[in-house]
Amino acid sequence: MVNRNGHFFSKEEAVLTHTNRGFKYGDGVFETLRVVKGSIFFWEDHYFRLMASMRMLRMEIPMNFTLEYIQDEIIATVRKNNLEQGAARVRMTVFRKDGGLYIPEDNQVAYVIEASKMESPFYLFQENHYEVELFRDYFLNKDMLSQLKTTNKILNVLAGVYAKENGYQNCLLLNSEKQVVEAINGNVFLVSGNQVKTPPLKDGCLNGIVRKKLMEIVAADEGLGLLEESISPFELQKADELFITNTISGILPITKYRKKAYETTLTKRILGKLNTKARLELASSG
């Protein structure tokens, strides 16, 4: 079942028209959420990022779009799909209502929430071969729009096509100054010794929720150093470990980039800390 503005439709029914602005112009934002037994991982962070994104895109935020209201709509969608006893992947997309061409008729919004089953309630360490390459055909801009999860993700799509055609599991995206910014589906972290490094937001990377949580974890660990600095492609082959973060997978360890094979020792330890942080936040919110 799909939730459109509080009304439920079967997945076979059409819930959008050809005039939808998210479809026609990429005029929308979204949040991808991990929901376990009726609780949303890092929910407040997701909610405030969604509100900030809507404000930046000059969308009119409805008075009823409170944290509690949207949370209830998400949980209701999970329940309608009979997923409340397990783990679910949820996507909430907010788009400007139909009307207008490039210039919208008004800034009112509508939303769609969808849910699908996940196998594990918490983040699992992926042991699979995971090879990446740089995507050089097009570049991210170094601006605040690049930090948002908008429905305009054609660069990520093209990078995904490139990865599939060339046998890679992912691609690393570059900005206009040829700095490594992020992966197709998440933020990038580089480990050298006891230093953990990730690009700053000003380089154009997504303002990721798990990125934020991992930075908190690393900063609190006395044995580790956190660097929020630009990453050059030349640093990739000198690193000890390299991994990607996102809300659904938690951490995806990269095992190979060109001739460089990476370790995963610290990556695995940080993943354990991320699971602990998620459990603690779920317990405090419940």
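Residues numbered from 1 in each chain as written. Predicted model: local features only at pLDDT ≥ 70, side-chain atom pairs only at ≥ 80, totals over all residues. Heavy atoms only, no water.

S.K.: What is the right way to look at the overall build of the chain in this model?
M.R.: The secondary structure content of the chain amounts to 7 helices and 16 strands. What you see for the chain is a C-alpha radius of gyration of 19 Å, in line with the 19 Å of a compact globule of 286 residues. Considered along the principal axes of its C-alpha atoms, the chain spans approximately 50 × 40 × 30 Å. The buried share of the chain, reckoned over its 286 residues, is 50%. Sequence separation of at least 24 residues holds for 71% of the intrachain contacts in the chain that already meet a minimum separation of 6. Accessible surface, the chain as shown: approximately 14000 Å² in total, 52% of it carbon and sulfur. Each charge class in the chain was averaged separately, 37 positive and 35 negative side chains, and the resulting centres sit 2 Å apart. (Helix = DSSP H or I, 4+ residues; strand = E, 2+ residues; numbered from the N terminus. Rg over C-alpha atoms; globule rule 2.2 N^0.38 Å. Buried < 20%, exposed > 50% of the residue type's maximum accessible area, 1.4 Å probe, protein only. Contact = heavy atoms within 4.5 Å. Areas by Shrake-Rupley, 256 points an atom, 1.4 Å probe, with all protein chains shown as cover. Lys, Arg positive; Asp, Glu negative; His and termini not counted. Charge placed at Lys NZ, Arg CZ, Asp CG, Glu CD.)

S.K.: What exactly am I supposed to notice about the environment of Gln-126 here?
M.R.: Within the fold, Gln-126 resides in the loop between strand S6 (109-118) and strand S7 (131-140). Through-space distance from the C-alpha of Gln-126 to that of Ile-251 is 8.2 Å; in sequence the pair is 125 residues apart.

S.K.: Help me understand the pairing of strand S3 (residues 28-36), please; the structure alone is not making it clear to me.
M.R.: Side chains on a regular strand alternate between the two faces of the sheet. In terms of residue burial, S3 counts as a mostly covered element, since 9 of its 9 residues are buried. Side chains of S3 alternate between two faces, with Gly-28, Phe-30, Thr-32, Arg-34 and Val-36 and Val-29, Glu-31, Leu-33 and Val-35 buried alike. Summarising the sheet, S3 and strand S5 (residues 87-96) pair through 9 bridges and their orientation is antiparallel. Residue pairing in the sheet places Phe-30 in a bridge with Thr-93 of S5. Following S3, the chain reverses through 2 residues before pairing antiparallel with strand S4 (residues 39-40); Lys-37 in that reversal takes a positive phi of roughly 50°. (Pairing = 2+ DSSP bridges.)

S.K.: For this particular structure, what's the right way to read unusual backbone geometry?
M.R.: Comment: phi is negative for the bulk of residues other than glycine, and the bulk of peptide bonds are trans. Located in the positive-phi region is Lys-37, a residue other than glycine, with phi close to 50°. We classify Lys-37 as exposed; its relative accessible area is 58%. Unusually for a residue other than glycine, Arg-58 sits at a positive phi of about 60°. For Arg-58, the location among the structural elements is in the loop between helix H2 (43-56) and helix H3 (67-80).

S.K.: Could you clarify how one ought to interpret the sheet that holds strand S2 (residues 7-9) in this entry?
M.R.: Backbone hydrogen bonds are what pair the strands of a sheet, in a parallel or an antiparallel way. Pairing within the open sheet is antiparallel, and its 6 strands lie in the order S2-S1-S6-S5-S3-S4. For this open sheet the edge positions go to S2 and S4, each flanked by a neighbour on one side alone. Set on the sheet, H2 makes contact with S3, S4, S5 and S6; between it and S3 the angle comes to about 175°. Against the sheet, H3 makes contact with strand S1 (2-4), S2, S3, S4, S5 and S6, and its axis sits at roughly 45° relative to S6, the strand it touches most. (Axes fitted to C-alpha atoms, helices over the stretch in contact; angles between N-to-C directions.)

S.K.: Looking at this structure, I do not really get the packing of aromatic side chains. What am I missing?
M.R.: How two aromatic rings sit relative to each other is set out by the distance from centre to centre and by the angle between their planes. Applying the stated criterion across every chain, the model contains 11 aromatic pairs. Between Tyr-25 and Tyr-102, the aromatic rings sit 5.3 Å apart at their centres with planes inclined by 50°, giving tilted as the arrangement. Of this pair, Tyr-25 sits in helix H1 (residues 21-25) while Tyr-102 sits in the loop between S5 and S6, and the two are 77 residues apart along the sequence. Residue Tyr-25 is classed as partly exposed on the basis of its relative accessible area of 26%. Tyr-102 gets classed as exposed once you look at its relative accessible area, which sits at 74%. Arranged with centres 5.3 Å apart and planes meeting at 5°, the rings of Phe-189 and Phe-243 form a pair that is stacked. Taken together, the residues Phe-189 in strand S10 (residues 186-192) and Phe-243 in strand S13 (residues 241-246) connect sequence positions 54 residues apart. Neither residue differs from the other here; Phe-189 and Phe-243 are each classed as buried. Every member of this aromatic cluster is reached through a ring pair, and the members are Phe-41, Phe-42, Phe-122 and Tyr-123. (Phe/Tyr/Trp six-rings, centres within 6.5 Å; stacked < 30°, edge-to-face > 60°.)

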